[in-house]
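Breakdown of the fold
Listed here are the chains, written in short residue letters.
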Amino acid sequence: GSTAQYLSRGESAETLQTLTGRTELWQVVWESMLQSPVVGYGYHVTTADGILDVWGRPAFRTAHNLPLHIVASTGLVGAGLFVFGLARPIRRAAATLGRNAERRRLGQLLVIVGGWFVGWCLLSESFMGPLQPESVFFFASLGLAVGQASGRS
């Protein structure tokens, strides 16, 4: 009982089932994205006027979901460029995992870090927002992956 109370931090079961209101936010962002699906609204903006009316008051909010945030803000064009921009260095770095023990250890660490980012990005905008620690950490990790792929790490 006390563990469940600590983990819920005073939130009701209904609030936790909606991922602390994120499902309501995601619905509003999805509907906004459908109004401009090809080119979106611009970097880090999820609606035409930048304001989302959820949780009782209009405000500038992110989508709290990286894939949805990218599609809503940059459209399908930007999302395609984003996927291409990340897939290529990640694929090349993955191809070098088995070359030697030192590279293999770095590759394993990058896989763990990448797995954490995949999970984290489902509930936040993660590294695609303002400068924050996870942005710096993500791009430093991506730099290590690119260096490993080029043979210079």
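In case you missed it, the structure is sitting above this.
In this text, all values refer to a predicted model and were calculated from it rather than measured experimentally. (Residues numbered from 1 in each chain as written. Predicted model: local features only at pLDDT ≥ 70, side-chain atom pairs only at ≥ 80, totals over all residues. Heavy atoms only, no water.)

**Brief notes about the packing of helix α5 (residues 101–120) against helix α6 (residues 133–150)**
Remark: α5 packs on α6, axes separated minimally by 10 Å, with the N-to-C direction vectors making an angle of 145°. In the packing of α5 onto α6, the handedness of the crossing is left-handed. Where α5 approaches α6, its residues R103, L106, G107, L110, V113, F117 and W120 are matched on the opposing element by E134, F137, F138, S141, L144, A145 and Q148. For the contact of α5 with α6, the per-class residue count stands at 9 nonpolar, 3 polar and 2 charged. (Axes fitted to C-alpha atoms, helices over the stretch in contact; angles between N-to-C directions. Helix = DSSP H or I, 4+ residues; strand = E, 2+ residues; numbered from the N terminus. Left-handed = near helix turned anticlockwise from the far one by under 90°. Contact = heavy atoms within 4.5 Å. Nonpolar A, V, L, I, M, F, W, Y, C, P; charged D, E, K, R; others polar.)

**Focus: the packing of aromatic side chains**
For the structure shown, the criterion picks out 9 aromatic pairs. Here the aromatic rings of F117 and F138 are separated by 5.1 Å at their centres, their planes lie at 75°, and the arrangement is edge-to-face. Residue F117 is found in helix α5, and its partner F138 is found in helix α6; the two are separated by 21 residues along the sequence. With relative accessibility at 10%, the residue F138 sits in the buried group. Ring centres of F138 and F139 lie 5.0 Å apart, and the angle between their planes is 85°; on these two criteria the pair is classed as edge-to-face. An aromatic cluster is present here, built from F82, W116, F117, W120, F127, F137, F138 and F139 joined pairwise through their rings. (Phe/Tyr/Trp six-rings, centres within 6.5 Å; stacked < 30°, edge-to-face > 60°. Buried < 20%, exposed > 50% of the residue type's maximum accessible area, 1.4 Å probe, protein only.)

**A closer look at the layout of surface pockets**
One number sums up the size of the largest pocket: a volume of about 600 Å³. Contributing elements (two or more residues each) for the lining of the largest pocket: α4 (66–95), α5 and α6. (1 Å grid on protein atoms, 1.4 Å probe; cavity = no way out; pocket = protein on both sides within 12 Å on 5 of 7 lines; lining within 4 Å. Points joined across faces, edges and corners; volume = space filled by probe spheres on them.)

**Section: α6**
Taking 1.5 Å as the rise per residue, α6 with 18 residues should run 26 Å; its terminal C-alpha atoms sit 26 Å apart, in good agreement. For α6, the complete set of buried residues consists of S135, F138, S141, L142, A145, G147, Q148 and A149. In the core, the buried residues of α6 are packed alongside α4 and α5. (Expected span 1.5 Å × (residues − 1).)

**A word on the side chain of Q132**
The topology assignment puts Q132 in the loop between α5 and α6. Apart from the residues within four sequence positions on either side, Q132 is in contact with E125 and S126.

**Observations concerning the packing of helix α3 (residues 22–33) against α4**
At a minimum axis distance of 9 Å, the contact between α3 and α4 shows a crossing angle of 30°. When the axes of α3 and α4 are compared, the pair comes out roughly parallel. Like other packed secondary-structure pairs, α3 and α4 cross with a definite hand, here left-handed. For the pair α3 and α4, contact is made by W26, V29, W30 and M33 and by L68, V71 and A72, respectively. The residue inventory of the contact of α3 with α4, partitioned by class, reads 7 nonpolar, no polar and no charged. (Parallel < 35°, antiparallel > 145°, perpendicular 65-115°, else oblique.)

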